Amino acid sequence: MMDALKNKLSAIKNVVPVENPVVYIDYPVHDNVGDLLIHQGADAFLEDYGYKVLGRYSIHDFTHRPQRHVPDVDWKPSVADLDALVRKFNPTLILHGGGNFGDIWPEFQKFRELIVERYPDTSIVIFPQSIHFGEAAGKERAIRIFGAHKKLHIFTRDSESWDFVSRECGLPGGLLPDMAHQLWGRLPQDTAGEDKGVLVQRRRDKESREAGEPQGNHFDWDDLRKPGERYVIRALRKWQGIDSPLRHYISNYALWRIYRDNLVDRAVSCFRPYGEIDTDRLHGMILGALMAKRIRYGDGNYGKLHRYARAWLAESPLIQSGLEEAPSTPIAS
């Protein structure tokens, strides 16, 4: 099953020809290991198939928040660098996959919309996403902006999201598994090694199903962060935000990748001694699958994990639903 899921990602080549240069946009600069696994998988995909990557940029490279505590973004003058790449090389713009398509994480959605509006004649491909809008206004804006682009392809990780893209936006793309599946075969699988029992993971952010901190002795990604590392992330974001000329010689991505890989290694080491993972994080489930662990899964505050498991993981005897499925809500109810 895992071989098949990795191989399905090769369908991206039909939309992003290998001979075309690409620019990767919106790589994550935070300590959510799920997003970092997606980014590692995307890097592995581009490397495995031999793409020429002209540059990799985060939301902080080209935009800023006009107001500090408002989840909105606007262009910085540095977007001229991206304009120049587009004019000179006519690349395909690849936007990061994941689960921030919608209005739960609005600054990333706004950034995605700004890119699509700014480059109406450029081929743009959004790597596999889960889509959720809680409000009709955000959904309608996305339909208007994305539906107007003539060279936009959006891949999604579940059928509900694909219905939104194909039926409501009228866009091409398709249903594909998460980009982290490109890491299959690269991570350790200690199926006969140490077994410390069950690792219980519960998310603590705004996608959590519980109000406040989960009860009990639970693990989440932020437990992997060492003392003082929140300041490392802030410093890296600040470095990207000030548009230092040095980034033309040492890219922001090259600095961030060191931290990204170290944090993912810690997540792997954390999972490694356990025989079973009990998680409400999608990439707790996917990382466990990549390491051939037994998995019990349940949802956060919308049905992302069950939607994903129905689409891709139903054949695995190691992966079972443990927590009750979150209430099913339409995209942009």
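Here's what I pulled together on the structure shown here. (Residues numbered from 1 in each chain as written. Predicted model: local features only at pLDDT ≥ 70, side-chain atom pairs only at ≥ 80, totals over all residues. Heavy atoms only, no water.)

Structural notes on the packing of aromatic side chains
Working step 1: Tallying each qualifying case throughout the model produces 15 aromatic pairs.
Working step 2: On the numbers, 6.4 Å between centres and 70° between planes, the contact of Phe219 with Phe271 is edge-to-face. Highlighted residues: Phe219 in the loop between strand S10 (198–201) and helix H8 (229–241) and Phe271 in helix H9 (residues 252–271), separated in sequence by 52 residues. Judged on exposure class, the residue Phe219 and its partner Phe271 are both buried. (Phe/Tyr/Trp six-rings, centres within 6.5 Å; stacked < 30°, edge-to-face > 60°. Helix = DSSP H or I, 4+ residues; strand = E, 2+ residues; numbered from the N terminus. Buried < 20%, exposed > 50% of the residue type's maximum accessible area, 1.4 Å probe, protein only.)

Brief notes about the layout of surface pockets
A water-sized probe rolled over the atoms picks out the places where empty space is left.
Working step 1: Quantified by volume, the largest pocket comes out at close to 1500 Å³.
Working step 2: Considering the residues around the largest pocket, the lining is formed by 44 residues, among which Val29, His30, Glu107, Phe108 and Arg237 are closest to the centre.
Working step 3: If one sorts the elements of the lining of the largest pocket by residue count, H8 sits on top with six residues.
Working step 4: For the lining of the largest pocket, the class distribution of residues is eleven nonpolar, twelve polar and 21 charged. (1 Å grid on protein atoms, 1.4 Å probe; cavity = no way out; pocket = protein on both sides within 12 Å on 5 of 7 lines; lining within 4 Å. Points joined across faces, edges and corners; volume = space filled by probe spheres on them. Nonpolar A, V, L, I, M, F, W, Y, C, P; charged D, E, K, R; others polar.)

Observations regarding the side chain of Asp61
Working step 1: Along the chain, Asp61 falls in helix H3 (residues 59–62).
Working step 2: Among the residues examined, Asp61 registers a relative accessible area of 1% and is labelled buried.
Working step 3: Among the polar contacts made by the side chain of Asp61, one reaches the main-chain amide nitrogen of Ser58 at a distance of 2.8 Å. (Polar contact = N/O pair within 3.5 Å; in protein donor to acceptor, adjacent residues only side chain to side chain.)

A word on the sheet that holds strand S13 (residues 319–321)
Working step 1: Taken together, four strands build an open sheet; the order of strands is S10-S11-S12-S13 and the sheet is parallel. What marks the edges here is a single partner per strand, and that holds for S10 and S13. Pairs of neighbouring strands in the sheet enclose a mean axial angle of 15°, with direction left out of account.
Working step 2: Here strand S12 (residues 294–297) pairs with S13 via three bridges, running parallel. Bridged to Ile295 within S13 is Ile319.
Working step 3: Packing of helix H10 (residues 282–290) onto the sheet brings it into contact with S10, strand S11 (276–279), S12 and S13, and relative to S12 it is tilted by some 165°. (Pairing = 2+ DSSP bridges. Axes fitted to C-alpha atoms, helices over the stretch in contact; angles between N-to-C directions. Contact = heavy atoms within 4.5 Å.)

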